[in-house]
Amino acid sequence: MAATLEKARVSKEGEFVVIDAKGMHYPELNVLIEDVINQGAKKLKLINVNGQRFIADGLRGDYYIEIHGVAGDDLGAFANGPTIVVYGNVQDGAGNTMNAGKIIVHGDGTDIIGHSMRGGKVFVRGHVGYRVGIHMKEYKDQVPVLVIGGTAGDFLGEYMAGGRIIILGLQRLETYPEIVGDWLATGIHGGAIYLRDEVDEDKLGYGAKFEELTEEDLAFLRREIEEFCSYFGGDVDEIMNAKFTKVVPLSHRPFAAMYSDSKEAGH
Amino acid sequence: MCGLGGIFNRDGKRIPGNDIITMARMMRDRYDGRGGGFAGYGIYPKYAEYYALHLFFRDEEAKEATEEFLKDRVAIIKDEEVPMRNVKEIPKENIVWRYFVEVPHKFKSKKEYLAQEEDYIIDTVFTINDEIDGAFVASSGKNMGVFKATGMPDDVGRMYKIEKYKAYCWITHGRFPTNTPGWWGGAHPFNLLDWSVVHNGEISSYGTNRRYLEAHGYKCRLLTDTEVVAYLFDLLVRKQGLSIRSAAIALTPPFWKHIDKMPEPKRSIYTALRMTYAPAMLNGPFAIIVANRDTMVGLNDRIKLRPLIAAKSGDFVYIASEEAAIREVQPELEKLWAPRAGNPVIARLYDDVREEVIH
Amino acid sequence: MVRNFPPDFIVRVDKEACINCLRCVRECPFGVHEYDKEKKKWKRHHEKCVACLRCAYMCPTQAISIEKHPMEYSPHPVWTNKVRKDIKTQAETGSVILTAMGNELPYLNYFDRLVLDACQVTNPSIDPLREPMELRTYIGRKPEKVDLEEDNGVDLKTKIAPNLKLETPIMFAHMSYGSISIEAQLSMARAAKEVGTYMGTGEGGMHVDLYPYADHIITQVASGRFAVHEEYLKRGAAIEIKIGQGAKPGIGGHLPGTKVTAEISQTRMIPEGSDAISPAPHHDIYSIEDLSRLIYALKEATRYKKPVFVKIAAVHNVAPIAVGIIRAGADAVVLDGFRGGTGAAPQVHRDHHGIPIEVAIASVDQRLREEGIRHWGSIIASGGIRSSADVAKAIALGADAVYIGTAALVALGCTVCKKCYTGKCPWGIATQVPELRKRLNPDEGARRAANLLKAWSHELKEILGALGLNSIESLRGNRDRLRGVGLSDVDLEVLGVKPAGR
Ligand code: SF4
Ligand code: SF4
């Protein structure tokens, strides 16, 4: 891309460096982001974003990035520290394998949001799709948190090995009004999921169970909901004043009994 | 990995092909350039009552043989070369010709002549694809056509001058083929009569579906799993009279766990459909868009292993693999959503768009 | 004349370990171990040993081991030891050699030459533990299409014929009360009910102890018509007409009067102590239209509420026969391949008649499709199914479900000693002798039989997952997901399978 065009795309707005992403293909956009960061920008505003992939992919440091438009697949994948605020929707895989940082989405998300997250937080104001939080994990003091304002599809928290998922169900879909889809937390062996509604036991996937909430859980939920409301508005007490369902693993090795050899059979 | 898109005007308003090309271009990261294509409905209003056959010929010889064959089977009202521009990205492999044909009147005198006539056209298509070396029918519906080749979809669109056609329904596809070789006939959309299909993913149940269709007289010779989707819609909807919603129940049925809990008579209906159409069930990861003369349908596999987004803006309905593709052509949307796995999104002419809740 | 007939096995006893408890004497039903109390001397009749291993496992000090007898005739590739021994036996007795279980000759096992596909990249393999995996299978007639009236609301116009609902496509094969003990039948009935599948009664009727499981039992109507009466037919979940059996195509059966105990007499509805003979054919079926008559007689008797199956041995002409059976009104055809087991069969039949189940499935499935009537009836395959892989391959070739017989008995403790016909089954399965029957505890049997079904079902799910499928119907007839290894072109053509690498 010609240097003049790049210049034309970059402007300043207070402490923000603004990049106009209109019509750009993602490799160009991401090189441009890298350039302005190398030149010392701490706060970036990306406007006219529409589907560009891998924004802030692997980005390390406490940058603040605003995205206006639709963020493409794998937003903030492997990110290690930045705060990304999306005024719009995100596509598949936002927060994929993120290590630290924050993604705050003012719209909806689609499938596999927060896939394999190890740390940091993702807040989505609206709905999310299938397999959200799949294989989230925690490591030492890193405990990833995913807070969804609307509802989630099937296989929420599948294989979940750590971290916390909160689904608030503040908005509902016409075609599927329930707070969460089927096969909830199937294969979960670590972490916990909190759903702000009653949930039919039949939705529980293999290896998952319900558990009563403790005072500690409520305190945690209040903290996270306060943060949620600080981004998107809403009344914390009102949101807290509802029945929550908590889902946890049956055990850390849910499938231990499914495999055997002749020795284990006592032969 | 592939990308698919569709635009449908519920009032039948015809729009030029520019927007569908834009949609296709927006998803370029999903393709590798080994296949792209478009289908447009409403593009031949002057010849609306004739079957429009789009044909690929490898050489003049194949063309002559096909014309020899066609002349005894159908009345050719008009034929011409499909106008094309030279595009450096796509070597021209084929002669592309279109024929507007009608079925001789002796068939029309019989009862249920329309169904017979359509079967006759299907038979014609299968015979050409099967028996005439170097000839391939890309589409065979009325007032519609398929334009496809080996290349990136936007290049394919430019080559065929898609922007010069106007349609009330456009669908597009870009390919990242893994399981079948790249050739013009192997690009999407796949078409049979009115049915066109674009598909992202893989139909892992292909062997089962193919053998079921073969027992019903269909010939699956295109070396790809997608063609079975077009044939299954033709069989279930056109021939057996199911609604598109019921066909979707047959093709992506709810899990037994959910069927078992349905109230009667719903449970019996779903059970009957699932039992009867077990060999038609589509399995594996897929998202598809299917269109015919008055409908566009988006459908996902039962556990949603491929992406699909639907949106509505006034009388326009959009379906695509990625939201960005839709936003690029229509930033102002009344509604944009990700349909639930296995629920068909059905847009109909002079009707609303609906996500049919079957899951 | 010297009987130069080396024993098959030799019983070795560790003298140091043996404590002379005489347990082995009581355990061996064949009288191998003999102890002379006066002389305090052991004698072992090695020639009678069948290597059932009962004594070895019951000996409290594990003093016994059973070995192949080292003495053999001079080796010869054609005149094998077995051939020579059979000749000598027949020279001695002048009779037909009787045996049990399945075909013993080393014919090519097609299952072992077929391999399954797996997903890599282009379609994700599915994790069967966490994602839904459906094995449910309906056995019976399906309509060509479903007619719905969809104008206002949806109305089902098509009537679905009765089908059996299987939660896993594996059923327990027909093994009659008489040939096996009630404890063995009970074990399978309970397991079938628990897992959501079915067992067959065989032609011995339904013992009252099985009534609580009757909704998971398929009753059989065989040529002897034992126990067949209106109540019996109505009690079961489906009815199976047995024409033939893979282990002995073309011949009937015979339960000697000595085995017809009071209970068996009651269940079979024949006098105590009288022979129970099943003729080779049904004497009201000499042709296909007669079969149709019997099918409809049974349907009428049960008011069209039960599916009717017809079981045949897989023979050379199996495809047209099966098509005829389906056209005659059967809701399923059961194909029993030549490796199928039996409680008693002449060795010559067992080893030399019929064809392998794999090719039978392939040709019947293909022929039914060619005739456009595949949906009229289901295909149930049986005869030599040893593992979940065999089940998956049978289904990919075109079967809807399978029956397992020998595998089920092995789960119950059978060691395949092939002496079922003696009625002295050392493991309490193929016997009516009260002391022997006690050896099989039906609670334990039910647990093991159910476990086998669960383990195979679980493996089937793993197989489906690797194939990227989440429902068994997408494997059915999906020969694209099979490849042949080391099969000839003709074999591949018959099986409808490509060679590996293509
Ligand atoms: S037949 Fe069985 S019980 Fe008798 S000696 Fe041989 S192994 Fe032991
Ligand atoms: S059932 Fe009994 S007699 Fe028959 S083979 Fe098995 S162990 Fe031997």
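The model shown is predicted, which means the values in this text are computed figures rather than measured ones.

I tried to follow the site of ligand 1 on my own but got confused; where do I start?
As a matter of local geometry, ligand 1 sits amid Cys-28, Phe-30, Val-32, His-33, Cys-49, Val-50, Ala-51, Cys-52, Leu-53, Arg-54, Cys-55 and Ile-66 of chain C. Across the shell around ligand 1, the residue classes break down as 10 nonpolar, 1 polar and 1 charged.

I would appreciate a short explanation of the interface of chain A and chain C in the present structure.
Many structure descriptions define interface size as the accessible area lost when the parts assemble. Across the contact, 11 residues belong to chain A and 7 residues belong to chain C. Of the roughly 860 Å² buried where chain A meets chain C, counting both sides, 53% is carbon and sulfur surface. Remark: the boundary between chain A and chain C carries 1 salt bridge. A salt bridge links Arg-131 of chain A to Glu-131 of chain C; the shortest N-O distance between them is 2.8 Å. Our count for the contact surface shared by chain A and chain C stands at 1 residue pair in polar contact (both at pLDDT 80 or more).

Please clarify how the environment of Tyr-213 of chain C should be interpreted in this entry.
Residues and elements named next belong to chain C. With respect to the helices and strands, the residue Tyr-213 is situated in the loop between strand S12 (199–200) and strand S13 (217–221). Owing to a relative accessible area of 16%, Tyr-213 belongs among the buried residues under this scheme. Taking the C-alpha atoms as reference points, Tyr-213 and Gly-501, 288 residues apart in sequence, are found 48 Å from one another. Non-local contacts of Tyr-213, meaning those with residues more than four positions away in its chain, are made with Leu-186, Ala-189, Arg-190 and Lys-193.

Just to check I follow, could you spell out the interface of chain C and chain B for this structure?
Listed by partner, the interface residues are 39 residues for chain C and 37 residues for chain B. For the interface between chain C and chain B, the tally reads 6 salt bridges. Inspection of the chain C/chain B interface yields 23 residue pairs in polar contact (both at pLDDT 80 or more). It is helix H10 (residues 357–370) of chain C that contributes the most residues to the side of chain C that touches chain B, 3 residues altogether. For the side of chain C that touches chain B, the class distribution of residues is 14 nonpolar, 10 polar and 15 charged.

Honestly, the site of ligand 2 in this entry has me stumped. Any pointers?
Met-101, Cys-414, Thr-415, Val-416, Cys-417, Lys-418, Lys-419, Cys-420, Cys-425, Trp-427 and Ala-430 of chain C make up every residue found near ligand 2. Residue composition of the shell around ligand 2, by class: 8 nonpolar, 1 polar and 2 charged.

Hey, could you run me through the sheet that holds strand S23 (residues 498–499) of chain C in this one?
To summarise the sheet geometry, strands pair through backbone hydrogen bonds and adopt either a parallel or an antiparallel arrangement. Residue and element names in this part refer to chain C. Taken in spatial order, the 3 strands make up an open sheet running S6-S22-S23, and their pairing is mixed. Across the chains shown, the open sheet's two edge strands, defined by having one partner strand only, are strand S6 (114–116) and S23. Of the pairings in the sheet, the one linking strand S22 (residues 482–484) to S23 comprises 2 bridges and is parallel in character. Residue pairing in the sheet places Gly-484 in a bridge with Pro-499 of S23. The strands touched by helix H11 (residues 388–397) within the sheet are S6 and S22, with S6 carrying the most contacts at an inclination of about 95°.

In this structure, what is going on with the confidence of the model for chain C? I would like to understand it.
Low pLDDT means the predicted coordinates in that region are not meant to be read closely. Counting all residues, the mean pLDDT for chain C is 94, and 100% of those residues have values of 70 or more. The ipTM assigned to the predicted complex is 0.86, against a pTM of 0.88.

Could you clarify how one ought to interpret the pattern of salt bridges in this entry?
Where charged atoms of side chains with opposite charge meet at close range, the side chains can pair. Under the definition given, this model contains 93 salt bridges over all chains. Salt-bridge contacts for Arg-439 of chain C lead to Glu-27 of chain C; the nearest nitrogen and oxygen are separated by 3.0 Å. In this pair, Arg-439 of chain C is assigned in the loop between helix H13 (434–437) and helix H14 (442–466) and Glu-27 of chain C in helix H1 (residues 23–27), connecting sequence segments 412 residues apart. One salt bridge connects Lys-157 of chain C with Glu-149 of chain C, and the closest N-O pair in it is separated by 3.5 Å. Here Lys-157 of chain C falls in the partly exposed class, since its relative accessible area comes to 46%. Bridged by salt links that share partners, the residues Glu-118, Asp-119, Asp-194, Asp-234, Arg-238, Lys-239 and Arg-293 of chain B form one connected network.

Where do I start with the domain arrangement of chain C in this structure?
Residues and elements named next belong to chain C. The assigned domain composition of chain C is domain 1 (9–74) and domain 2 (137–143 + 156–499). Inter-centroid distance (C-alpha atoms) of domain 1 to domain 2 is 37 Å. Buried area between domain 1 and domain 2, summed over both chains or domains, comes out near 820 Å², and the portion from carbon and sulfur atoms is 67%. By the criterion of area lost to domain 2, the three top residues of domain 1 are Pro-29, Phe-30 and Arg-54, representing 56% of everything that side buries. The tally of links from domain 1 across to domain 2 stands at 3 residue pairs in polar contact (both at pLDDT 80 or more). If you list the elements that add at least two residues to the side of domain 1 that touches domain 2, you get H1 and helix H2 (54–58).

Even after reading the chapter, I still don't get the side chain of Glu-134 of chain C, so can you show me in this structure?
With respect to the helices and strands, the residue Glu-134 of chain C is situated in the loop between S6 and strand S7 (137–139). Setting aside its immediate chain neighbours within four residues, Glu-134 of chain C contacts Phe-255, Trp-256, Lys-257, Arg-274 and Arg-302 of chain B together with Leu-464, Asn-470, Ser-471 and Ile-472 of chain C.

Would you explain the packing of aromatic side chains in this entry?
Each aromatic ring pair is specified by the distance between its two centres and by the angle formed by the two planes. Enumeration over the complete set of coordinates arrives at 24 aromatic pairs over all chains. Ring plane angle 65° and centroid distance 6.1 Å describe the contact between Tyr-231 of chain A and Phe-232 of chain A, whose orientation is recorded as edge-to-face. A relative accessible area of 25% places Tyr-231 of chain A in the partly exposed class. Ring pairing ties together the aromatic residues Tyr-44, Tyr-47, Phe-100, Phe-147, Tyr-160 and Tyr-165 of chain B, which thus form one cluster.

Looking at this structure, how should I read a nonpolar patch on the surface?
Residue and element names in this part refer to chain C. A surface patch of nonpolar side chains, about 310 Å² in accessible area, is lined by Val-78, Trp-79 and Ile-87. Within the fold, Val-78 resides in the loop between strand S4 (64–68) and helix H3 (81–93). A residue is classified by how much of its surface remains accessible, and Val-78, at 55% relative accessible area, is exposed.

Whenever I open this one, the packing of helix H8 (residues 318–327) of chain C against H10 of chain C confuses me. Can you help?
A pair of packed helices is characterised by two quantities: the angle between their axes and the separation of those axes. Residue and element names in this part refer to chain C. Two elements in contact, H8 and H10, have axes whose closest approach is 8 Å; the angle formed by their N-to-C orientations is 50°. By the criterion of interaxial angle, the relationship of H8 to H10 is oblique. Two packed elements cross with a definite hand, and for H8 against H10 that hand is right-handed. Facing Val-318, Ala-319, Pro-320, Ala-322, Val-323 and Ile-326 of H8, the residues of H10 in contact are Ala-360, Ser-363, Val-364, Arg-367 and Leu-368. Among the residues forming the contact of H8 with H10, the class breakdown is 9 nonpolar, 1 polar and 1 charged.

So, how was this worked out
- Residues numbered from 1 in each chain as written.
- Chains lettered and ligands numbered in written order.
- Predicted model: local features only at pLDDT ≥ 70, side-chain atom pairs only at ≥ 80, totals over all residues.
- Heavy atoms only, no water.
- Near = heavy atom within 4 Å.
- Nonpolar A, V, L, I, M, F, W, Y, C, P; charged D, E, K, R; others polar.
- Contact = heavy atoms within 4.5 Å.
- Buried area = accessible area lost by both parts, 1.4 Å probe.
- Salt bridge = Lys/Arg side-chain N within 4 Å of Asp/Glu carboxyl O.
- Polar contact = N/O pair within 3.5 Å; in protein donor to acceptor, adjacent residues only side chain to side chain.
- Helix = DSSP H or I, 4+ residues; strand = E, 2+ residues; numbered from the N terminus.
- Buried < 20%, exposed > 50% of the residue type's maximum accessible area, 1.4 Å probe, protein only.
- Pairing = 2+ DSSP bridges.
- Axes fitted to C-alpha atoms, helices over the stretch in contact; angles between N-to-C directions.
- pLDDT = per-residue confidence, 0-100.
- Domains from an automatic or database assignment.
- Phe/Tyr/Trp six-rings, centres within 6.5 Å; stacked < 30°, edge-to-face > 60°.
- Patch = residues over 30% accessible without salt bridge, like charges linked within 9 Å, V, L, I, M, F, W, Y side chains within 5 Å.
- Areas by Shrake-Rupley, 256 points an atom, 1.4 Å probe, with all protein chains shown as cover.
- Parallel < 35°, antiparallel > 145°, perpendicular 65-115°, else oblique.
- Left-handed = near helix turned anticlockwise from the far one by under 90°.

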